[in-house]
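Residue strings, one per chain:
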Amino acid sequence: MNEETAAITIRDLSFAYDDIQILCNVRLDIWRGDSICIVGPNGGGKTTLIKLILGLLSPDRGIIRIFGRSPEEERQRIGYVPQYAKYDPQFPISVLDVVMMGRLAGTLRNRYSPQDRDQAMAALGQTGLADLAARPFASISGGQRQRTLIARALASGGDILILDEPTANIDHESEVRFLDLLKGLNERMTILMVTHEVGFASSFFKRIACVNRQVVVHPTSRLTGQLIQEMYGGDLQMIRHDHRCSEEGHRHD
Ligand SMILES: Nc1ncnc2c1ncn2[C@@H]1O[C@H](COP(=O)(O)OP(=O)(O)OP(=O)(O)O)[C@@H](O)[C@H]1O
C-alpha cells in the first residue's frame, strides 16, 4: 500500500497505561474507501486504538500516519462518533445544535457562520433527519440520536468516519437503516467501526480487525456463512471470539 491509497498506517505501535501494556507491536493498514469492523474482548484495547488514531493519546513506541501525516495534523479529516452510552441524551439542546458541534471551526470562533449551519443541515439531510432539526435532542428516539451523532461527525467534513459501538441500544429496524446509511457513506469515506455484534461484520464490512493487545485483520469474506457458524455457532459472545483471537486461531493478511 502506498501513500496515495493509504488512509491510516500503523507500524510497531505499543501503548501502556501506567505500567499496564494495552497494545503491543500493532501493525495495521487501512486503505482509502476501506470499511473495517473492530472487534475484541472487553478491555482488549479497541477504544485505546481509536484514541491513538485520533491523536488523543500518543504511542509509547511506533508510528501512526493519517493520509501520510501525524494524527494531530490530520485530525480534522476524521469524523468521530463516540460510544452512545457516554453521551448524555438529557442535555437540553436541539438536534441541530448537536450537529453544529461537529463544525469545530465554529466552536473555536465561538460563533457559527451561515456556512456552518448549511453544512450541519446538509449532514442532517444525509442522515434523513432534516425534519427533526429543531426538536430537542432529548425527545427523539435512540436510533435517531445515533443518526444525529453521525450527522455531527459528517458535518466536520472528514474523509474518515470512526464509530465506537454505535449500534448498542438501537432496534433491528434502526440497525438496518443504519447499515444502509453506512453503505452510502462508504462510497466517499473510509469507515472504521467498533462493535460487539459480530454478525454486523459479515453484512457490510470488507474486513474485520480483532484487537486483543495485538491486532489481526481478516477479510470478512472468510467469516461469512459456514465459517462464522463454525467459529461462533449461535453464540456471538466475545468470549468465544477472544478464544479465536489466540495466535493459533488467526492468520495475518
Ligand atoms: N485512562 C485510563 N487509565 C488507565 N487504564 C485505562 C484507561 N482507559 C482504559 N484503561 C484500561 O485499558 C484497557 C483497554 O481499555 P479499552 O477501553 O481500550 O478497551 P476496549 O477494547 O475498548 O473495551 P470495551 O469492549 O469494554 O469497550 C482496559 O483494561 C481499561 O481498563
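Residues numbered from 1 in each chain as written. Predicted model: local features only at pLDDT ≥ 70, side-chain atom pairs only at ≥ 80, totals over all residues.

- Per an unreviewed UniProt entry, the recorded name for the protein chain is Zinc transport system ATP-binding protein, and the organism is Desulfoprunum benzoelyticum.
- The annotation that UniProt attaches to the protein chain under Sequence similarities (unreviewed entry) is "Belongs to the ABC transporter superfamily." (UniProt positions renumbered as here; feature names shortened; annotations may be inferred.)

**Here we look at the sheet that holds strand 7 (residues 190-194)**
The pairing of strands in a sheet comes from backbone hydrogen bonds and takes either a parallel or an antiparallel form.
Here comes step 1: One open sheet holds the 6 strands; their spatial order is 5-6-7-3-8-9, and the pairing between them is mixed. In the strand order of this sheet, the two ends are held by strand 5 (78-81) and strand 9 (214-219), each with one partner. Shown here is a sheet whose adjacent strand axes are inclined to one another by a mean of 20°, direction ignored.
Here comes step 2: Of the pairings in the sheet, the one linking strand 3 (residues 35-39) to strand 8 (residues 207-212) comprises 4 bridges and is parallel in character. Bridge pairing in strand 8 places cysteine 37 opposite isoleucine 208.
Here comes step 3: Helix-sheet contacts for helix 6 (residues 142-155) involve strand 5 and strand 6 (160-164), and the interaxial angle to strand 5 is about 165°. (Pairing = 2+ DSSP bridges. Helix = DSSP H or I, 4+ residues; strand = E, 2+ residues; numbered from the N terminus. Axes fitted to C-alpha atoms, helices over the stretch in contact; angles between N-to-C directions. Contact = placed C-beta atoms within 7 Å.)

**Side note on the nonpolar core**
Here comes step 1: With 58 residues, the main nonpolar core has Ile38, Val99, Ala151, Ile162 and Ala209 as its most contacted residues.
Here comes step 2: For this core, the element with the most residues is helix 6, which contributes 6 residues.
Here comes step 3: Setting aside anything within four residues of it in sequence, one finds isoleucine 38 in contact with Lys46, Leu192, Met193, Val194, Ala209 and Val211. (Core = buried A, V, L, I, M, F, W, Y, C linked by C-beta atoms within 7 Å. Buried ≥ 20, exposed ≤ 12 C-beta atoms within 10 Å, placed from the backbone.)

**Focus on unusual backbone geometry**
Here comes step 1: Residues other than glycine seldom take positive phi values, yet aspartate 18 does so here, at roughly 55°.
Here comes step 2: Along the chain, aspartate 18 turns up in the loop between strand 1 (6-17) and strand 2 (20-31).
Here comes step 3: Of note in the backbone geometry, asparagine 25 takes a positive phi value of approximately 50° without being a glycine.
Here comes step 4: For asparagine 25, the location among the structural elements is in strand 2.

**Notes on the site of the ligand**
Here comes step 1: Near the ligand the following residues occur: Tyr17, Ile22, Gly40, Asn42, Gly43, Gly44, Gly45, Lys46, Thr47 and Thr48.
Here comes step 2: Ranked by the residues each element gives to the shell around the ligand, the list is headed by helix 1 (residues 46-53), at 3 residues.
Here comes step 3: Among the residues forming the shell around the ligand, the class breakdown is 2 nonpolar, 7 polar and 1 charged. (Near = placed C-beta within 6 Å. Nonpolar A, V, L, I, M, F, W, Y, C, P; charged D, E, K, R; others polar.)

**Comments concerning the sheet that holds strand 4 (residues 61-66)**
Here comes step 1: Strand order in the open sheet formed by 3 strands is 2-1-4, and the pairing between neighbours is antiparallel. Strands with a single pairing partner mark the edges of an open sheet, and in this sheet they are strand 2 and strand 4. Here the average twist between neighbouring strands, direction ignored, is 15°.
Here comes step 2: As paired elements, strand 1 and strand 2 share 8 bridges and run antiparallel to each other. Each residue of the ladder has a partner; that of leucine 13, found in strand 2, is valine 26.

**Notes on the environment of arginine 77**
Here comes step 1: Here arginine 77 shows up in the loop between helix 2 (71-74) and strand 5.
Here comes step 2: The exposure class of arginine 77 is partly exposed, given the 18 C-beta atoms found within 10 Å.
Here comes step 3: For arginine 77 and aspartate 159, which are 82 residues apart along the polypeptide, the C-alpha to C-alpha distance reads 5.3 Å.
Here comes step 4: Other than its neighbours up to four places away in sequence, arginine 77 contacts Ile66, Phe67, Gly158, Asp159 and Ile160.

**Side note on the environment of leucine 192**
Here comes step 1: Secondary-structure assignment places leucine 192 in strand 7.
Here comes step 2: Here leucine 192 falls in the buried class, since 26 other C-beta atoms lie within 10 Å of it.
Here comes step 3: Sequence separation between leucine 192 and glutamate 175 is 17 residues, and the spatial gap between their C-alpha atoms is 16 Å.
Here comes step 4: When residues no more than four places from it in sequence are discounted, the contact partners of leucine 192 are Ile30, Ile36, Ile38 and Ile162.

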